[in-house]
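Architecture at a glance
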Amino acid sequence: MLMRGVGLGHWFPATAALFSRLSFELASGKVYGLIGPSGSGKSTLLSILAGWIEPKEGKVEKEGIAAIAWVAQHPFGVGKRSVLDHVSLPLMCRGADRASAEREASELLEQFGLAEAKDRNFSALSGGEGQRLMLARAVAKAPQLLLVDEPTAGLDRRTAASVNERMGQLSHRNMIVVVATHDEATMSACDELIDLNKECG
Amino acid sequence: MKRLSTLSWVGVLSEADRNISSGVTRGPIWAALFFVLVGLCACADVLAVGTVATEAREYLQVGASTFVLKSDRAVDGRTCENLGNVTGVLGAGALRSTSQTLVFAATPSSPVPIMESTPGLGTVLGLAHKPADGLLVPRSLADSLGLTKGGNAPVLPPMPGRSAESNEVKIAGVYEYPEDGRSRDLGYLALAQVPGADVFDSCWLKLWPPDPEYASSLLRTALTSRKAQDATVRQLNSSRGLEFNPSSQYERRPTRYIWIIGLLGGFGLGTVSARTRKLELASNLHAGYPKRRLEGQMLLEGGFWVMSGTLLVSAAVVYLNRLYGLGLWGISALGGMKVPLCAALGALAGVWLATHTTREEALFSYFKER
Ligand SMILES: Nc1ncnc2c1ncn2[C@@H]1O[C@H](COP(=O)(O)OP(=O)(O)O)[C@@H](O)[C@H]1O
Ligand SMILES: [Mg+2]
């Protein structure tokens, strides 16, 4: 699977050009950092990659991308349902019965440092745990494209570190990962960086 | 391991089950809201129906749907008695005067006139069973003389009519004949029962639903042909008016359209119950949950509280129905269930529609706004 941005440019009626003539190629198994200060258009570019926004200039070429997962700035979950349930659901949606989904989900939770929190309710999670859960749930969906929008934005430094530590887990999976961030620590967990403030190609 | 490509219905059931038992559904709250809202509508309807039924019962009880054909010695007793078997007729019986009187030992100075009736007249007068042999007396007389059904009352000789050697009469029944506007014909006398194969002065017919013309046409069949011209048909009690149509009263009751409020109210509850979980639904869609199955899950969860609420409302409806004894009046239990059933359908429709119109994108617009 492959994804290519070709001469992408976008602006909103109320903004100057956010980015223009942006070209890049994204390959499976790698984590790309989308960097730039706040308001530079990172979320907008993620939405363009997801296909929710048509770019004003250029185009996005996708090959073999069927499912997309999105992790937002803040965790969202069902307060009264368990951590394990949250990760089991996407697996069940791919056809697993609950027992095998729970087995697979437990492994994922372990990878994301949530083995202990497995039976806690979502409402009992800290912000960092919540974001790690969102990553595990997104991975459980087995998307070809995983878009992560500032996963550490709402977290203090120490909890952010617990999330960044796991960002590396996203590498070498059978998916393209794009992480929008202006957190240095997150950047260092990425395989490659795309800087929105530079014109490429 | 063989993998289906999507969420199984077993999985859907299990998700619904976990949501219900963990409180994500908030089933008790929605069931309680359903019970209050729909219960009020349903009970208002039962009360309105109950009012119609009470009026109807009173109409019947005061004798407003009892019609009396009068024609001296020109009423065929057997024909009159047989009218009791006609559909819609609750009772029919013939009556004639005699020249005899009865002197109760307790009130020697007040002789009581004796009239003769066929057995069916007791039914017209509200006695549950065709009375056994003996005399029928009105409540007022029974009370003043201390007479009771099945008892014997001492009379002063000579005892007229039958059993001349006895000094007692048997009281076969006591009928209610209050001063509620009905004609006083049977207010102070004793009714001796005679077989119908003879001519009488009047034929009494109790009919439901009330229909003066139908009553009149039935009654006139009991006339022996000759003296038919001077025959009159009267309502026994005209104080409640001649016309009373229970089914049109029922159809025009003020709550006749309240099922629509129930339907809309249920729909509103169902919609809100799913709308308040919009992000959860969007998030599930994003996790790969097929829309159809998610609708199924929400209908299962909705079905749980809708059913509880409907059962509670139904219990209240049945209870009120029993208070009014509405079953007797042709208003079936299903009629009383119309409001909760419509509300239940509305609620499920609301749950379905709100789930159906929830889109995965709802999740992202939410995060954009934060
Ligand atoms: N839907 C929109 N309509 C108008 N302006 C928008 C819209 N979305 C984003 N913007 C504007 O575009 C700019 C870039 O936004 P965004 O992509 O969210 O930046 P970043 O994620 O890098 O902080 C901001 O100035 C923002 O106000
Ligand atoms: Mg952003």
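Residues numbered from 1 in each chain as written. Chains lettered and ligands numbered in written order. Predicted model: local features only at pLDDT ≥ 70, side-chain atom pairs only at ≥ 80, totals over all residues. Heavy atoms only, no water.

Once that is clear, we can look at the overall build of chain A. On a plain count of helices and strands, chain A comes out with six helices and eight strands. Overall, chain A shows an N-to-C arrangement of helices and strands of β-β-β-α-β-β-α-α-α-β-α-β-α-β. Taken against the 2.2 N^0.38 rule, which gives 17 Å for 201 residues, the C-alpha radius of gyration of chain A at 17 Å falls within 12% of a compact globule. If one aligns the C-alpha atoms of chain A with their principal axes, the spans along those axes are about 50 × 35 × 30 Å. Residue pairs at least 24 apart in sequence account for 71% of intrachain contacts in chain A once pairs closer than 6 positions are excluded. (Helix = DSSP H or I, 4+ residues; strand = E, 2+ residues; numbered from the N terminus. Rg over C-alpha atoms; globule rule 2.2 N^0.38 Å. Contact = heavy atoms within 4.5 Å.)

Opposite charge on two side chains lets them pair, provided their charged atoms get close. Applying the stated rule across the entire model yields 25 salt bridges over all chains. For A:Arg98, the salt bridge goes to B:Glu15, with nearest N and O atoms at 2.6 Å. Of this pair, A:Arg98 sits in helix α3 (residues 98-111) while B:Glu15 sits in helix α1 (residues 9-22), each in a different chain. A relative accessible area of 13% means that A:Arg98 is categorised as buried. The buried category is assigned to B:Glu15, whose relative accessible area is 4%. (Salt bridge = Lys/Arg side-chain N within 4 Å of Asp/Glu carboxyl O. Buried < 20%, exposed > 50% of the residue type's maximum accessible area, 1.4 Å probe, protein only.)

Residues and elements named next belong to chain B. Counting buried positions along helix α9 (residues 278-286) gives eight out of nine residues, so the element sits mostly inside the fold. Residues of α9 that are buried: Leu279, Glu280, Leu281, Ala282, Ser283, Asn284, Leu285 and His286. Once α9 finishes, Gly288 follows within two positions and takes phi at roughly 105 degrees, a positive value.

Residue and element names in this part refer to chain B. Considering all chains together, one arrives at one disulfide over all chains under this definition. The partner cysteine of Cys80 in its disulfide is Cys203, sulfur to sulfur 2.0 Å. Its S-S torsion of about 90 degrees marks the bond between Cys80 and Cys203 as right-handed, since a negative value means left-handed. Residue Cys80 is found in helix α3 (residues 77-82), and its partner Cys203 is found in strand β8 (residues 199-207); the two are separated by 123 residues along the sequence. Residue Cys203 is classed as buried on the basis of its relative accessible area of 0%. (Disulfide = S-S within 2.5 Å.)

Glancing now at the interface of chain B and chain A. Counting from both sides, the interface comprises 28 residues of chain B and, opposite them, 25 residues of chain A. Here chain B meets chain A over a buried area of about 2500 Å², counting both sides, of which 56% is carbon and sulfur. Our count for the chain B to chain A interface comes out at four salt bridges. Linking chain B with chain A are ten residue pairs in polar contact (both at pLDDT 80 or more), by the criterion used here. When grouped by side-chain class, the residues that make up the side of chain B that touches chain A number ten nonpolar, eleven polar and seven charged. (Buried area = accessible area lost by both parts, 1.4 Å probe. Polar contact = N/O pair within 3.5 Å; in protein donor to acceptor, adjacent residues only side chain to side chain. Nonpolar A, V, L, I, M, F, W, Y, C, P; charged D, E, K, R; others polar.)

Residue and element names in this part refer to chain A. Within the secondary structure, Met187 is located in helix α6 (residues 184-188). The buried category is assigned to Met187, whose relative accessible area is 15%. Met187 sits 20 residues away from Met167 along the chain, and the two C-alpha atoms are 9.6 Å apart. Apart from residues no more than four positions distant in its own chain, Met187 is found in contact with Ile35, Thr181, His182 and Leu193.

What follows covers the sheet that holds strand β2 (residues 89-102) of chain B. All names here are of chain B. Read from one edge to the other, the open sheet built from nine strands follows the order β5-β6-β4-β7-β3-β2-β8-β1-β9, with strand pairing classed as mixed. Because the sheet does not close on itself, it has two edges, and the strands there are β5 (152-154) and β9 (232-235). For this sheet, the mean angle separating the axes of adjacent strands, direction not counted, is 35 degrees. Relative to β9, strand β1 (residues 66-76) is paired through four bridges, and the arrangement is antiparallel. When the bridges of β9 are listed, Val68 appears paired with Arg234. Against the sheet, helix α6 (residues 212-220) makes contact with β1, β2, β8 and β9, and its axis sits at roughly 150 degrees relative to β8, the strand it touches most. (Pairing = 2+ DSSP bridges. Axes fitted to C-alpha atoms, helices over the stretch in contact; angles between N-to-C directions.)

The next thing to look at is the site of ligand 1. Residues and elements named next belong to chain A. Around ligand 1 lies a shell formed by Phe12, Thr15, Leu18, Pro37, Ser38, Gly39, Ser40, Gly41, Lys42, Ser43 and Thr44. The contact in question runs from an oxygen atom of ligand 1 to an N or O atom on the backbone of Lys42, over 2.8 Å. Across the shell around ligand 1, the residue classes tally to three nonpolar, seven polar and one charged. (Near = heavy atom within 4 Å.)

Counting residues in each nonpolar core, the largest one holds 70 residues, and the members touching the most others are A:Leu133, A:Leu146, A:Leu170, B:Phe34 and B:Trp305. Among residues more than four places away in sequence, those in contact with A:Leu146 are A:Ala69, A:Val71, A:Ala138, A:Val139, A:Leu170, A:Met175, A:Ile176, A:Val177 and A:Val178. Membership of the second largest hydrophobic core comes to 33 residues, among which are A:Leu45, A:Ile53, A:Ile194 and B:Phe364. (Core = buried A, V, L, I, M, F, W, Y, C linked by side-chain atoms within 4.5 Å.)

Okay, the packing of aromatic side chains next. Scanning all chains against the criterion turns up eight aromatic pairs over all chains. Aromatic pair A:Trp52 and A:Trp70: ring centres 4.9 Å apart, planes at 50 degrees, arrangement tilted. Of this pair, A:Trp52 sits in the loop between α1 (42-50) and β4 (57-63) while A:Trp70 is found in strand β5 (residues 68-71), placing the two residues 18 residues apart along the sequence. For A:Trp52, a relative accessible area of 32% puts it in the partly exposed group. Relative to B:Phe364, the ring of A:Trp70 lies with its centre 5.5 Å away and its plane at 65 degrees, an arrangement referred to as edge-to-face. With one member in each of two chains, A:Trp70 in strand β5 and B:Phe364 in helix α13 (residues 361-369) form a pair that bridges those chains. B:Phe364 carries the same exposure label as A:Trp70, and that label is buried. Each residue in the set A:Trp52, A:Trp70 and B:Phe364 is aromatic and connected to the rest through ring pairs, giving one cluster. Against the face of B:Phe200 rests B:Arg96, its NZ or CZ located 4.4 Å from the ring centre. Sitting above the plane of the B:Tyr177 ring, B:Arg182 keeps its charged end 4.9 Å from the centroid. (Phe/Tyr/Trp six-rings, centres within 6.5 Å; stacked < 30°, edge-to-face > 60°. Lys NZ or Arg CZ within 6 Å of the ring centre and 35° of its normal.)

Residue and element names in this part refer to chain A. Reading across from one edge, β2-β1-β4 is the order of the three strands in this open sheet, with antiparallel pairing throughout. Either end of the sheet is taken by a strand with one partner, and the two such strands are β2 (19-27) and β4. The sheet shows a mean angle of 10 degrees between the axes of neighbouring strands, taken without regard to direction. In this sheet, β4 lies alongside strand β1 (residues 2-10) in antiparallel orientation, the contact comprising six bridges. The residue of β4 that forms the bridge with Val6 is Lys59.

Within the secondary structure layout, B:Glu280 lies in helix α9. Discounting residues that sit within four places of it in the chain, B:Glu280 has contacts with A:Phe76, A:Val78, B:Asn19 and B:Val24.

All right, on to the domain arrangement of chain B then. Taken domain by domain, chain B holds domain 1 (11-58 + 249-369) and domain 2 (64-239). The C-alpha-based centres of domain 1 of chain B and domain 2 of chain B are spaced at 54 Å. (Domains from an automatic or database assignment.)

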